[in-house]
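Structural description and commentary
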Amino acid sequence: MSRLLKFAASLPALLASFALFILMVMTFCDVVLRSVFNAPIEVAADMTRLLMAIMVFSVLPVVSAKDGHICVDLTDGMFKRAGLTRWRNAFTDLFCGLMLILPAMRVFDLAERSRSYGDVMEYLRLPLHYVGWFIAIVTAITAAVLIIRGLGHIFAPKLMSPRHA
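In this report, we go over the structure that sits alongside the text. (Residues numbered from 1 in each chain as written. Predicted model: local features only at pLDDT ≥ 70, side-chain atom pairs only at ≥ 80, totals over all residues. Heavy atoms only, no water.)

**Brief notes about helix α5 (residues 85-117)**
Selection criterion: Strands here mean DSSP runs of E at least two residues long; helices mean DSSP runs of H or I at least four residues long; both are numbered from the N terminus. Expected span of a helix: the number of residues minus one, times 1.5 Å. For each residue, the accessible area found with a 1.4 Å probe, counting protein chains only, is set against the maximum for its type, and the residue is called buried under 20%, exposed over 50%, and partly exposed in between.
Across its 33 residues, α5 extends 48 Å between first and last C-alpha, which sits within 8% of the 48 Å expected from 1.5 Å per residue. Among all positions of α5, only Arg88, Asn89, Ala90, Asp93, Gly97, Ala104, Ala111 and Ser114 are buried. Gly118 lies just past α5 and shows a positive phi near 75°.

**Side note on the packing of helix α2 (residues 44-58) against helix α6 (residues 128-155)**
Here is the rule: What counts as an axis is a line fitted to C-alpha atoms, over the stretch in contact for a helix, and the angles between N-to-C directions run from 0 to 180 degrees. Small angles under 35 degrees read as roughly parallel and large ones over 145 as roughly antiparallel, with 65 to 115 read as roughly perpendicular and the rest as oblique. Should any heavy atoms of two residues lie within 4.5 Å, those residues are considered in contact. Only Asp, Glu, Lys and Arg are considered charged in this grouping, and only Ala, Val, Leu, Ile, Met, Phe, Trp, Tyr, Cys and Pro are considered nonpolar; every other residue, Gly among them, is considered polar.
It is at 10 Å that the axes of α2 and α6 come closest, and there the two elements cross at 10°. Classed by the angle they form, the pair α2 and α6 counts as roughly parallel. Facing α2, whose interface residues are Leu50, Ala53, Ile54, Phe57 and Ser58, α6 presents Val131, Phe134, Ile135, Val138 and Thr139. Residue composition of the contact of α2 with α6, by class: eight nonpolar, two polar and no charged.

**Some thoughts on the pattern of salt bridges**
Formally: Note on definitions: salt bridges are taken to be side-chain nitrogens of Lys or Arg within 4 Å of carboxyl oxygens of Asp or Glu.
Applying the stated criterion to the full structure yields six salt bridges. Note that Asp46 is salt-bridged to Arg49, the shortest N-O span being 3.2 Å. Taken together, the residues span about one helical turn, with Asp46 and Arg49 both in helix α2 at a distance of three residues. Here Arg149 ties to Asp93 by a salt bridge, and the two come within 3.3 Å at their closest N and O atoms. Here Arg149, found in helix α6, pairs with Asp93, found in helix α5; they are 56 residues apart in sequence, far enough to count as distant. As far as the burial class goes, Arg149 and Asp93 line up, both buried. Through salt bridges that share partners, Asp67, Asp93 and Arg149 make up one connected network.

**Examining the packing of aromatic side chains**
Where we set the bar: Each aromatic pair joins two rings of Phe, Tyr and Trp (for Trp, the six-membered one) with centres within 6.5 Å, and gets the label stacked for planes under 30 degrees apart, edge-to-face for over 60, and tilted for any other angle.
Applying the stated criterion to the full structure yields two aromatic pairs. Residues Phe91 and Phe95 carry aromatic rings whose centres are separated by 5.7 Å and whose planes lie at 15° to one another, so their mutual orientation is stacked. Pair noted here: Phe91 and Phe95 are both in helix α5, with a separation of four residues, about one helical turn. By relative accessible area, Phe91 is classed as exposed at 57%. Residue classification places Phe95 among the partly exposed positions, given a relative accessible area of 44%. Taking 5.8 Å as the distance between ring centres and 70° as the angle between the ring planes, the aromatic pair formed by Tyr130 and Trp133 counts as edge-to-face. Of this pair, Tyr130 and Trp133 both sit in helix α6, three residues apart, which is roughly one turn of that helix. The exposure class of Trp133 is partly exposed, given its relative accessible area of 24%.

None of this, on its own, says anything about what the molecule does.
In structure tokens:
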């Protein structure tokens, strides 16, 4: 079971890595073709938008689950001395998780509107609502992950790894 979870957690990172590699190769080829042959890759703008969405949002739940976000630790000493680190972490995770529910719902609504209008990417002709659905679903998963982390800090603090260990 542990191997399965590790494999499942590595899939989003592999997807993001693949998207970054494709983006890198496409950008290099676009620059060469544009500069040398005056023939840019026409779908480059659409591909860049799509690949950036995949890169950023695919790893968001995993980074949140592993507490891998960049954070400023100006008040860590104060919370540690007061013995409130666990509660700060619980509040932060719960607050961020609850706050992400609204963007997930809004992006889903926008994706549905895009689907009803038949919006597509300019060159790829890929329906835009697929990208919106992906972003909304991954944002909702991230919200759930953060809420579970917050509840874990409250009800199972020994299972939670300490931040900035």
